[in-house]
Amino acid sequence: MAVEGGMKCVKFLLYVLLLAFCACAVGLIAVGVGAQLVLSQTIIQGATPGSLLPIVIIAVGAFLFLVAFVGCCGACKENYCLMITFAIFLSLIMLVEVAAAIAGYVFRDK
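Residues numbered from 1 in each chain as written. Predicted model: local features only at pLDDT ≥ 70, side-chain atom pairs only at ≥ 80, totals over all residues. Heavy atoms only, no water.

Engineer: I tried to follow the UniProt feature "transmembrane region" (unreviewed entry) in the protein on my own but got confused; where do I start?
Structural biologist: UniProt marks residues 12-39, 51-73 and 80-107 with the feature "transmembrane region" (unreviewed entry), using the numbering shown here. With 100% helix and 0% strand, the stretch residues 51-73 has end C-alpha atoms that lie 35 Å from each other. (UniProt positions renumbered as here; feature names shortened; annotations may be inferred. Helix = DSSP H or I, 4+ residues; strand = E, 2+ residues; numbered from the N terminus.)

Here it is as structure tokens:
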């Protein structure tokens, strides 16, 4: 069933936002890879807390790219299951952001 009228505008806006979401994810992956390359040249082999940060950034970027891909496929195919999965992923991301903000406030002195 194809969308009509105002829903075409909503679907187009969803595509634009998902494209921006995807661009941010690719940017995070690029920053993580760049940081990993710089750290691998400056730090001698060994697992320090700072050397794990680029890997975490790459993992977050890959997860965000997956979320954007699921959302784009769900909007394109108008698949209910993919759109519910996309909504669950976005809810999970929001909960993690709220938890990070609370943790940042609680540990602001450290």
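Engineer: Would you mind showing me how to read a nonpolar patch on the surface here?
Structural biologist: On the surface, M94, V98, I102, Y105, V106 and F107 cluster together to form a nonpolar patch covering roughly 650 Å² of accessible area. For F107, the location among the structural elements is in the segment after α3 (80-106). (Patch = residues over 30% accessible without salt bridge, like charges linked within 9 Å, V, L, I, M, F, W, Y side chains within 5 Å. Areas by Shrake-Rupley, 256 points an atom, 1.4 Å probe, with all protein chains shown as cover. Salt bridge = Lys/Arg side-chain N within 4 Å of Asp/Glu carboxyl O.)

Engineer: I'm lost on the environment of L18 in this one. Help?
Structural biologist: Mapped onto the elements of the fold, L18 is located in helix α1 (residues 6-42). For L18 and F89, which are 71 residues apart along the polypeptide, the C-alpha to C-alpha distance reads 13 Å. When near neighbours in sequence (up to four residues on either side) are disregarded, L18 contacts A68, G71, C72 and F86. (Contact = heavy atoms within 4.5 Å.)

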